[in-house]
Amino acid sequence: MLETLITKQYLMPWILLFTAALGIFVWRFLGVVLSNKIKKDSNFSKWINAVAYAMTTGLMLRIIFFPTGALASTELFDRLLAFIIGIIAFLRFPKKPILGLIIGISTFATLIFYKLYF
Amino acid sequence: MFVKIKLFLKSNNFSYGLLTGYSFPGIGMSSAMLGFGVYAGEAGLDIYLCMASLLVLWSMPGMVIFVSLYTAGAPILLMFTTILLANVRQFFLVLSGIKLMNIDNSKIPLFKKVFWAHFISPTGWAELIRVSKELKPDDLYPFFKGLSLGLVSICILGTYIGFKLFDILPTHLIAIPVFIMPLYITILMLRATDLFYRVAVISGGIIGPILFPYIGDWSIIISGFLGGSIGLIADTIQKKSRLNA
(Lines give C-alpha, C1' and ligand atoms only; values in the text may rest on other atoms or scores of the structure.)
Protein backbone atom coordinates (compact mmCIF):
# COMPACT_ATOMS: atom_id res chain seq x y z
CA MET A 1 0.00 0.00 0.00
CA LEU A 2 2.74 2.45 1.05
CA GLU A 3 4.81 1.51 -1.97
CA THR A 4 1.84 2.20 -4.27
CA LEU A 5 1.39 5.60 -2.67
CA ILE A 6 5.08 6.46 -2.92
CA THR A 7 5.26 5.50 -6.57
CA LYS A 8 2.48 7.97 -7.32
CA GLN A 9 4.63 11.06 -7.86
CA TYR A 10 1.93 13.59 -7.09
CA LEU A 11 1.50 12.15 -3.61
CA MET A 12 5.19 12.12 -2.75
CA PRO A 13 5.46 15.81 -1.72
CA TRP A 14 2.50 15.37 0.61
CA ILE A 15 3.94 12.22 2.14
CA LEU A 16 7.21 14.08 2.73
CA LEU A 17 5.32 16.98 4.31
CA PHE A 18 3.42 14.58 6.57
CA THR A 19 6.74 13.00 7.59
CA ALA A 20 8.25 16.43 8.33
CA ALA A 21 5.18 17.40 10.37
CA LEU A 22 5.53 14.18 12.36
CA GLY A 23 9.15 15.08 13.20
CA ILE A 24 8.00 18.34 14.81
CA PHE A 25 4.79 16.94 16.29
CA VAL A 26 6.79 14.46 18.41
CA TRP A 27 8.38 17.33 20.39
CA ARG A 28 5.21 19.37 20.76
CA PHE A 29 3.23 16.34 21.90
CA LEU A 30 5.92 15.40 24.42
CA GLY A 31 5.96 19.00 25.68
CA VAL A 32 2.21 18.92 26.32
CA VAL A 33 2.16 15.45 27.87
CA LEU A 34 5.13 16.06 30.17
CA SER A 35 4.04 19.56 31.23
CA ASN A 36 1.78 18.28 34.03
CA LYS A 37 4.58 16.16 35.46
CA ILE A 38 6.63 19.24 36.38
CA LYS A 39 5.80 21.50 39.33
CA LYS A 40 5.34 25.14 38.31
CA ASP A 41 7.61 26.73 40.93
CA SER A 42 10.26 24.02 40.95
CA ASN A 43 13.86 24.69 39.98
CA PHE A 44 13.44 22.34 37.03
CA SER A 45 10.50 24.38 35.73
CA LYS A 46 12.61 27.55 36.10
CA TRP A 47 15.47 25.85 34.27
CA ILE A 48 13.15 24.86 31.39
CA ASN A 49 12.07 28.52 31.10
CA ALA A 50 15.69 29.68 31.22
CA VAL A 51 16.61 27.16 28.49
CA ALA A 52 13.78 28.57 26.34
CA TYR A 53 15.01 32.13 27.01
CA ALA A 54 18.61 31.23 26.13
CA MET A 55 17.62 29.21 23.05
CA THR A 56 15.37 31.94 21.69
CA THR A 57 18.07 34.60 22.16
CA GLY A 58 20.68 32.27 20.65
CA LEU A 59 18.40 31.75 17.64
CA MET A 60 17.81 35.49 17.18
CA LEU A 61 21.54 36.28 17.39
CA ARG A 62 22.21 33.46 14.93
CA ILE A 63 19.78 35.16 12.50
CA ILE A 64 21.78 38.39 12.86
CA PHE A 65 25.19 36.74 12.40
CA PHE A 66 24.34 33.88 10.04
CA PRO A 67 21.05 34.69 8.30
CA THR A 68 19.32 32.75 5.53
CA GLY A 69 16.91 34.09 2.91
CA ALA A 70 16.51 37.80 2.22
CA LEU A 71 18.55 38.92 5.22
CA ALA A 72 21.55 37.00 3.89
CA SER A 73 21.76 39.47 0.98
CA THR A 74 22.71 42.26 3.41
CA GLU A 75 26.11 42.86 5.01
CA LEU A 76 26.97 41.71 8.53
CA PHE A 77 28.20 45.20 9.41
CA ASP A 78 24.79 46.73 8.58
CA ARG A 79 22.85 44.11 10.53
CA LEU A 80 25.13 44.25 13.53
CA LEU A 81 25.34 48.04 13.70
CA ALA A 82 21.55 48.46 13.47
CA PHE A 83 21.03 45.66 16.00
CA ILE A 84 23.48 47.16 18.52
CA ILE A 85 22.01 50.65 18.10
CA GLY A 86 18.50 49.23 18.64
CA ILE A 87 19.58 47.37 21.79
CA ILE A 88 21.43 50.43 23.17
CA ALA A 89 18.33 52.57 22.55
CA PHE A 90 16.23 49.98 24.40
CA LEU A 91 18.67 49.87 27.34
CA ARG A 92 18.66 53.68 27.44
CA PHE A 93 14.84 53.82 27.44
CA PRO A 94 13.78 50.44 28.92
CA LYS A 95 10.24 51.63 29.66
CA LYS A 96 9.61 52.32 25.97
CA PRO A 97 10.88 49.17 24.19
CA ILE A 98 9.16 50.23 20.98
CA LEU A 99 11.66 53.10 20.72
CA GLY A 100 14.59 50.68 20.57
CA LEU A 101 12.83 48.68 17.90
CA ILE A 102 12.00 51.72 15.75
CA ILE A 103 15.52 53.18 16.08
CA GLY A 104 17.10 49.82 15.19
CA ILE A 105 14.90 49.25 12.15
CA SER A 106 15.30 52.85 10.95
CA THR A 107 19.08 52.50 11.18
CA PHE A 108 18.98 49.26 9.20
CA ALA A 109 16.64 50.73 6.56
CA THR A 110 18.87 53.83 6.23
CA LEU A 111 21.98 51.69 5.73
CA ILE A 112 20.23 49.54 3.11
CA PHE A 113 18.84 52.52 1.18
CA TYR A 114 22.17 54.34 1.38
CA LYS A 115 24.02 51.37 -0.13
CA LEU A 116 21.35 50.83 -2.79
CA TYR A 117 20.97 54.36 -4.05
CA PHE A 118 24.13 56.32 -3.14
CA MET B 1 -11.87 56.70 17.72
CA PHE B 2 -8.84 54.47 17.05
CA VAL B 3 -7.81 54.64 20.71
CA LYS B 4 -11.38 53.65 21.76
CA ILE B 5 -11.33 50.61 19.43
CA LYS B 6 -7.89 49.65 20.77
CA LEU B 7 -9.08 49.93 24.39
CA PHE B 8 -12.19 47.87 23.58
CA LEU B 9 -10.08 45.15 21.93
CA LYS B 10 -7.66 45.12 24.87
CA SER B 11 -10.52 44.58 27.33
CA ASN B 12 -11.08 41.08 25.96
CA ASN B 13 -8.13 38.69 26.20
CA PHE B 14 -8.82 36.91 22.92
CA SER B 15 -9.13 40.15 20.93
CA TYR B 16 -6.11 41.58 22.77
CA GLY B 17 -4.15 38.57 21.51
CA LEU B 18 -5.55 39.08 18.03
CA LEU B 19 -4.57 42.75 18.10
CA THR B 20 -1.06 41.82 19.26
CA GLY B 21 -0.83 39.31 16.42
CA TYR B 22 -1.50 42.07 13.92
CA SER B 23 1.05 44.47 15.42
CA PHE B 24 4.87 44.22 15.63
CA PRO B 25 5.14 40.45 16.25
CA GLY B 26 2.88 39.78 13.27
CA ILE B 27 4.69 42.23 11.01
CA GLY B 28 8.06 40.70 11.95
CA MET B 29 6.91 37.13 11.57
CA SER B 30 4.97 37.69 8.32
CA SER B 31 8.03 39.41 6.85
CA ALA B 32 10.06 36.31 7.64
CA MET B 33 7.28 34.25 6.02
CA LEU B 34 7.40 36.54 3.01
CA GLY B 35 11.03 35.47 2.72
CA PHE B 36 9.94 31.85 3.04
CA GLY B 37 7.34 32.37 0.29
CA VAL B 38 10.10 33.70 -1.97
CA TYR B 39 12.30 30.71 -1.12
CA ALA B 40 9.49 28.18 -1.72
CA GLY B 41 8.53 29.88 -5.00
CA GLU B 42 12.12 29.80 -6.23
CA ALA B 43 12.44 26.14 -5.21
CA GLY B 44 9.45 25.24 -7.40
CA LEU B 45 6.87 24.25 -4.78
CA ASP B 46 3.24 24.74 -5.76
CA ILE B 47 1.19 27.23 -3.74
CA TYR B 48 -0.84 24.50 -1.97
CA LEU B 49 2.26 22.70 -0.72
CA CYS B 50 3.82 26.01 0.30
CA MET B 51 0.77 27.04 2.35
CA ALA B 52 0.32 23.56 3.80
CA SER B 53 3.95 23.49 4.94
CA LEU B 54 3.42 26.83 6.69
CA LEU B 55 0.36 25.58 8.54
CA VAL B 56 1.36 22.04 9.45
CA LEU B 57 5.00 22.74 10.32
CA TRP B 58 4.74 26.25 11.84
CA SER B 59 8.46 26.34 12.49
CA MET B 60 10.79 28.33 10.25
CA PRO B 61 13.75 25.91 10.54
CA GLY B 62 11.37 23.01 9.86
CA MET B 63 9.88 24.75 6.82
CA VAL B 64 13.25 25.69 5.34
CA ILE B 65 14.61 22.16 5.88
CA PHE B 66 11.47 20.69 4.32
CA VAL B 67 11.81 22.81 1.16
CA SER B 68 15.58 22.17 0.90
CA LEU B 69 15.29 18.39 1.31
CA TYR B 70 12.18 18.18 -0.88
CA THR B 71 13.93 19.95 -3.76
CA ALA B 72 17.03 17.79 -3.22
CA GLY B 73 14.86 14.66 -3.51
CA ALA B 74 15.75 13.42 -0.03
CA PRO B 75 14.33 10.09 1.20
CA ILE B 76 11.55 9.99 3.81
CA LEU B 77 13.78 8.75 6.64
CA LEU B 78 16.29 11.57 6.13
CA MET B 79 13.45 14.10 6.10
CA PHE B 80 12.05 12.76 9.38
CA THR B 81 15.42 12.54 11.13
CA THR B 82 16.65 15.98 10.06
CA ILE B 83 13.40 17.71 11.05
CA LEU B 84 13.26 15.78 14.33
CA LEU B 85 16.81 16.76 15.31
CA ALA B 86 16.47 20.39 14.21
CA ASN B 87 13.34 20.97 16.26
CA VAL B 88 14.23 19.79 19.76
CA ARG B 89 13.71 23.40 20.88
CA GLN B 90 9.97 23.01 20.24
CA PHE B 91 9.85 20.71 23.26
CA PHE B 92 11.19 23.38 25.62
CA LEU B 93 9.08 26.15 24.13
CA VAL B 94 5.89 24.07 24.42
CA LEU B 95 6.72 22.89 27.94
CA SER B 96 7.39 26.47 29.06
CA GLY B 97 4.39 27.90 27.15
CA ILE B 98 1.92 25.34 28.55
CA LYS B 99 3.15 26.03 32.10
CA LEU B 100 2.88 29.80 31.54
CA MET B 101 -0.72 29.47 30.32
CA ASN B 102 -1.48 27.31 33.33
CA ILE B 103 -3.26 24.66 31.26
CA ASP B 104 -1.00 21.74 32.16
CA ASN B 105 -3.37 20.46 34.85
CA SER B 106 -6.62 21.91 33.46
CA LYS B 107 -9.57 19.91 32.15
CA ILE B 108 -8.98 21.06 28.58
CA PRO B 109 -8.93 17.94 26.34
CA LEU B 110 -5.49 16.74 25.28
CA PHE B 111 -6.18 17.23 21.57
CA LYS B 112 -7.02 20.90 22.20
CA LYS B 113 -3.83 21.41 24.19
CA VAL B 114 -1.82 19.73 21.42
CA PHE B 115 -3.63 21.83 18.78
CA TRP B 116 -2.75 25.15 20.46
CA ALA B 117 0.72 23.94 21.43
CA HIS B 118 1.32 23.57 17.68
CA PHE B 119 1.32 27.38 17.41
CA ILE B 120 3.90 28.00 20.14
CA SER B 121 6.73 29.52 18.09
CA PRO B 122 9.59 31.65 19.48
CA THR B 123 7.49 34.76 18.62
CA GLY B 124 4.33 33.39 20.27
CA TRP B 125 6.25 32.25 23.32
CA ALA B 126 8.07 35.61 23.64
CA GLU B 127 4.70 37.40 23.52
CA LEU B 128 3.37 35.08 26.24
CA ILE B 129 6.35 36.01 28.39
CA ARG B 130 5.73 39.72 27.74
CA VAL B 131 2.02 39.68 28.62
CA SER B 132 2.49 37.31 31.56
CA LYS B 133 3.56 40.45 33.47
CA GLU B 134 0.27 42.23 32.81
CA LEU B 135 -2.33 39.41 32.57
CA LYS B 136 -3.38 36.75 35.06
CA PRO B 137 -2.13 33.22 34.26
CA ASP B 138 -5.70 32.09 33.44
CA ASP B 139 -6.10 34.92 30.92
CA LEU B 140 -3.05 33.86 28.94
CA TYR B 141 -4.79 30.92 27.22
CA PRO B 142 -7.50 33.03 25.50
CA PHE B 143 -4.84 35.65 24.75
CA PHE B 144 -2.69 33.01 23.09
CA LYS B 145 -5.61 31.73 21.00
CA GLY B 146 -6.20 35.25 19.65
CA LEU B 147 -2.49 35.80 19.14
CA SER B 148 -2.15 32.54 17.20
CA LEU B 149 -5.12 33.38 14.99
CA GLY B 150 -3.63 36.80 14.25
CA LEU B 151 -0.15 35.42 13.56
CA VAL B 152 -1.42 32.58 11.36
CA SER B 153 -3.61 34.85 9.22
CA ILE B 154 -0.94 37.53 8.76
CA CYS B 155 1.70 34.87 8.02
CA ILE B 156 -0.54 33.26 5.38
CA LEU B 157 -0.77 36.66 3.72
CA GLY B 158 3.01 37.23 3.97
CA THR B 159 3.81 33.80 2.52
CA TYR B 160 1.30 34.28 -0.31
CA ILE B 161 2.75 37.67 -1.25
CA GLY B 162 6.30 36.28 -1.14
CA PHE B 163 5.32 33.26 -3.24
CA LYS B 164 3.51 35.30 -5.90
CA LEU B 165 6.03 38.13 -6.09
CA PHE B 166 9.26 36.17 -5.63
CA ASP B 167 10.63 37.16 -9.03
CA ILE B 168 9.98 40.90 -8.77
CA LEU B 169 10.64 41.79 -5.10
CA PRO B 170 14.17 43.11 -4.49
CA THR B 171 15.71 40.96 -1.73
CA HIS B 172 17.44 43.97 -0.12
CA LEU B 173 14.08 45.60 0.53
CA ILE B 174 12.49 42.37 1.83
CA ALA B 175 15.37 42.22 4.30
CA ILE B 176 14.19 45.38 6.11
CA PRO B 177 10.93 43.96 7.54
CA VAL B 178 12.63 40.58 8.10
CA PHE B 179 15.05 42.39 10.44
CA ILE B 180 12.15 43.29 12.78
CA MET B 181 11.79 39.78 14.21
CA PRO B 182 15.32 39.17 15.64
CA LEU B 183 15.54 42.68 17.08
CA TYR B 184 12.02 42.65 18.52
CA ILE B 185 12.37 39.24 20.17
CA THR B 186 15.84 40.05 21.58
CA ILE B 187 14.38 43.21 23.14
CA LEU B 188 11.54 41.12 24.64
CA MET B 189 14.08 38.67 26.06
CA LEU B 190 16.16 41.49 27.56
CA ARG B 191 13.08 42.71 29.44
CA ALA B 192 13.37 39.70 31.78
CA THR B 193 13.66 41.01 35.32
CA ASP B 194 14.91 37.92 37.19
CA LEU B 195 18.68 37.43 37.34
CA PHE B 196 18.08 33.74 36.44
CA TYR B 197 16.62 34.64 33.03
CA ARG B 198 18.85 37.66 32.35
CA VAL B 199 21.97 35.52 32.73
CA ALA B 200 20.37 32.84 30.52
CA VAL B 201 19.54 35.41 27.82
CA ILE B 202 23.05 36.91 27.75
CA SER B 203 24.79 33.50 27.88
CA GLY B 204 22.54 32.04 25.17
CA GLY B 205 23.03 35.09 22.97
CA ILE B 206 26.83 34.78 23.22
CA ILE B 207 27.17 30.98 23.03
CA GLY B 208 24.70 30.43 20.13
CA PRO B 209 26.49 32.43 17.41
CA ILE B 210 29.96 31.30 18.59
CA LEU B 211 29.08 27.61 18.25
CA PHE B 212 27.03 27.89 15.05
CA PRO B 213 29.94 27.70 12.56
CA TYR B 214 31.10 24.45 14.17
CA ILE B 215 27.91 22.55 14.99
CA GLY B 216 25.18 24.26 12.94
CA ASP B 217 21.63 24.15 14.30
CA TRP B 218 22.74 22.15 17.33
CA SER B 219 24.22 25.42 18.58
CA ILE B 220 20.69 26.58 19.44
CA ILE B 221 20.07 23.58 21.69
CA ILE B 222 23.53 23.71 23.28
CA SER B 223 23.23 27.46 23.89
CA GLY B 224 19.86 26.78 25.53
CA PHE B 225 21.21 24.08 27.82
CA LEU B 226 24.35 26.01 28.74
CA GLY B 227 22.59 29.38 29.05
CA GLY B 228 19.79 27.88 31.18
CA SER B 229 22.30 26.07 33.40
CA ILE B 230 24.49 29.17 33.82
CA GLY B 231 21.32 31.05 34.81
CA LEU B 232 20.52 28.37 37.39
CA ILE B 233 24.06 28.54 38.81
CA ALA B 234 23.89 32.37 39.01
CA ASP B 235 20.55 32.14 40.80
CA THR B 236 21.90 29.59 43.31
CA ILE B 237 24.99 31.76 44.02
CA GLN B 238 22.78 34.83 44.49
CA LYS B 239 20.48 32.97 46.93
CA LYS B 240 23.47 31.65 48.93
CA SER B 241 25.06 35.09 49.16
CA ARG B 242 21.73 36.52 50.35
CA LEU B 243 21.50 33.84 53.03
CA ASN B 244 25.08 34.51 54.15
CA ALA B 245 24.57 38.29 54.25
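Residues numbered from 1 in each chain as written. Chains lettered and ligands numbered in written order. Predicted model: local features only at pLDDT ≥ 70, side-chain atom pairs only at ≥ 80, totals over all residues.

Asker: Is there a simple way to think about the overall build of chain A in this case?
Answerer: Along chain A, the regular secondary structure elements total 5 helices and 0 strands. Along its sequence from the N terminus, chain A presents helices and strands in the succession α-α-α-α-α. Over its C-alpha atoms chain A spans a radius of gyration of 22 Å, topping by over 25% the 13 Å that the globule rule assigns to 118 residues. Along the first, second and third principal axes, the C-alpha atoms of chain A reach 60 × 50 × 20 Å. Expressed as a percentage of its 118 residues, the buried residues of chain A come to 42%. Of the contacts made within chain A by residues no fewer than 6 positions apart, 22% connect residues no fewer than 24 positions apart. (Helix = DSSP H or I, 4+ residues; strand = E, 2+ residues; numbered from the N terminus. Rg over C-alpha atoms; globule rule 2.2 N^0.38 Å. Buried ≥ 20, exposed ≤ 12 C-beta atoms within 10 Å, placed from the backbone. Contact = placed C-beta atoms within 7 Å.)

Asker: Teacher, can you tell me more about the interface of chain B and chain A here?
Answerer: Interfaces are frequently sized by the accessible area removed from exposure as the parts join. At the junction of the two partners, chain B supplies 79 residues and chain A supplies 64 residues. With 11 residues, the single largest contributor to the side of chain B that touches chain A is helix 13 (residues 195–215) of chain B. Among the residues making up the side of chain B that touches chain A, the classes are represented as 52 nonpolar, 22 polar and 5 charged. (Nonpolar A, V, L, I, M, F, W, Y, C, P; charged D, E, K, R; others polar.)

Asker: Mind showing me how you'd approach helix 5 (residues 60–72) of chain B here?
Answerer: Note: α-helices contain 3.6 residues per turn, so residues at a spacing of three or four share the same orientation. Under the 1.5 Å per step criterion, the end-to-end length of helix 5 of chain B is 18 Å for 13 residues, consistent within 8% with the ideal 18 Å. The set of residues buried in helix 5 of chain B consists of M60(B), G62(B), M63(B), V64(B), I65(B), F66(B), V67(B) and Y70(B). The inward-facing, buried residues of helix 5 of chain B contact helix 2 (12–35) of chain A together with helix 3 (24–43), helix 4 (47–57) and helix 6 (76–86) of chain B. Positive backbone phi, approximately 70 degrees, marks G73(B), located one or two places after helix 5 of chain B. (Expected span 1.5 Å × (residues − 1).)

Asker: Explain unusual backbone geometry here, please?
Answerer: Residues and elements named next belong to chain B. The phi dihedral of W58 is positive, around 45 degrees, even though this residue is not glycine. In this structure, W58 sits in the loop between helix 4 and helix 5. By C-beta crowding, W58 is classed as buried, having 22 other C-beta atoms within 10 Å. The backbone of N102 shows a phi angle near 60 degrees, a positive value even though the residue is not glycine. Turning to its location among the elements, N102 is positioned in the loop between helix 7 (89–100) and helix 8 (110–117).

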